[in-house]
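# Secondary and tertiary structure notes
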Amino acid sequence: MSGSSNDDEGTGILIALGMTAGLSLVWAYVIKDQAQLMTWGALAIAAVTGIIAGNYSNNSQSVAVVCALAAPLGTYLGTLLGLCLIAVAPYGGDFSDAWHLFTSDTSEAARLFKTEAQDRDWLFLLLSAPVGYGAAVLQD
């Protein structure tokens with residue numbers, strides 16, 4: 001029985017990490033389309049990831065912790081990538097150009113985020129951790 005529990009937990013962790021990565025990429029394109037800094041998506045990413053990963057892992061504490069850590073980090077990185085997509089758009093740049101900018105000069109994108117972020121942006125990122133944790137463990 002413990003082997004099945006460990007399998008469920010491993011599956012839940014992989015789902016949490018994979019969904020966070022995928023939803024963060026989607027979030028980058030949402031930011032590009034809106035052409036502004038937004039972080040409210042952290043709550044949505046945390047809730048969706050927590051619910052699905054928690055369901056597959058039988059509400060494992062380990063999966064809940066992974067959701068709590070991955071959601072804010074994934075949203076933050078997705079937001080930085082979105083800012084890079086905005087930066088290359090006027091020059092006809094595409095995802096590969098934005099990815100190159102993101103990987104070669106992440107510190108500049110982070111500095112832009114720090115400069116432009118309002119208190120609510122930081123709040124959304126911080127609140128996504130308990131939302132992800134709660135969504136993963138509070139399944140019926």
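In this report, the structure presented in the accompanying data block is examined. None of the values given here were measured: they were computed from a predicted structure.

The next subject is the nonpolar core. Counting residues in each nonpolar core, the largest one holds 15 residues, and the members touching the most others are Leu80, Ala98 and Phe113. Mapped onto this core, the elements with two or more residues apiece are helix 3 (61-88), helix 4 (95-104) and helix 5 (106-116). Take this core: its biggest share by element is six residues, from helix 3. Core analysis: the next-biggest nonpolar cluster, separate from the first, contains nine residues, Ile15, Ala16, Cys67 and Ala136 among them.

Attention shifts here to the pattern of salt bridges. Note on pairing: side chains with opposite charge can pair once their charged atoms come close. Counted under the stated rule, the structure contains two salt bridges. Here arginine 111 makes a salt bridge to glutamate 108, at a shortest N to O gap of 3.1 Å. One end of the pair, arginine 111, and the other, glutamate 108, are both in helix 5, three residues apart, so they sit about a helical turn from each other. A salt bridge links arginine 120 to aspartate 121; its shortest N-O distance comes to 3.8 Å. Aspartate 121 gets classed as buried once you look at its relative accessible area, which sits at 2%.

Bringing the packing of aromatic side chains into the picture now. Within this structure, the stated rule accounts for six aromatic pairs. Between tyrosine 76 and phenylalanine 113, the aromatic rings sit 5.1 Å apart at their centres with planes inclined by 90°, giving edge-to-face as the arrangement. Here tyrosine 76, found in helix 3, pairs with phenylalanine 113, found in helix 5; they are 37 residues apart in sequence, far enough to count as distant. Residue class for phenylalanine 113 comes out buried when judged on its relative accessible area of 0%.

This brings us to the side chain of serine 60. Relative to the helices and strands, serine 60 is located in the loop between helix 2 (41-56) and helix 3. Polar side-chain contacts of serine 60 include one of 3.2 Å to the backbone nitrogen of serine 62. Apart from residues no more than four positions distant in its own chain, serine 60 is found in contact with Glu9 and Val137.

What follows covers unusual backbone geometry. With phi around 55°, asparagine 58 is a residue other than glycine that occupies positive phi space. Mapped onto the elements, asparagine 58 comes out in the loop between helix 2 and helix 3. Given the relative accessible area of 56%, asparagine 58 is considered exposed. With phi around 60°, asparagine 59 is a residue other than glycine that occupies positive phi space. Among the structural elements, asparagine 59 can be located in the loop between helix 2 and helix 3. For asparagine 59, a relative accessible area of 23% corresponds to the partly exposed category.

Reading the values: the criteria
- Residues numbered from 1 in each chain as written.
- Predicted model: local features only at pLDDT ≥ 70, side-chain atom pairs only at ≥ 80, totals over all residues.
- Heavy atoms only, no water.
- Core = buried A, V, L, I, M, F, W, Y, C linked by side-chain atoms within 4.5 Å.
- Buried < 20%, exposed > 50% of the residue type's maximum accessible area, 1.4 Å probe, protein only.
- Helix = DSSP H or I, 4+ residues; strand = E, 2+ residues; numbered from the N terminus.
- Salt bridge = Lys/Arg side-chain N within 4 Å of Asp/Glu carboxyl O.
- Phe/Tyr/Trp six-rings, centres within 6.5 Å; stacked < 30°, edge-to-face > 60°.
- Polar contact = N/O pair within 3.5 Å; in protein donor to acceptor, adjacent residues only side chain to side chain.
- Contact = heavy atoms within 4.5 Å.

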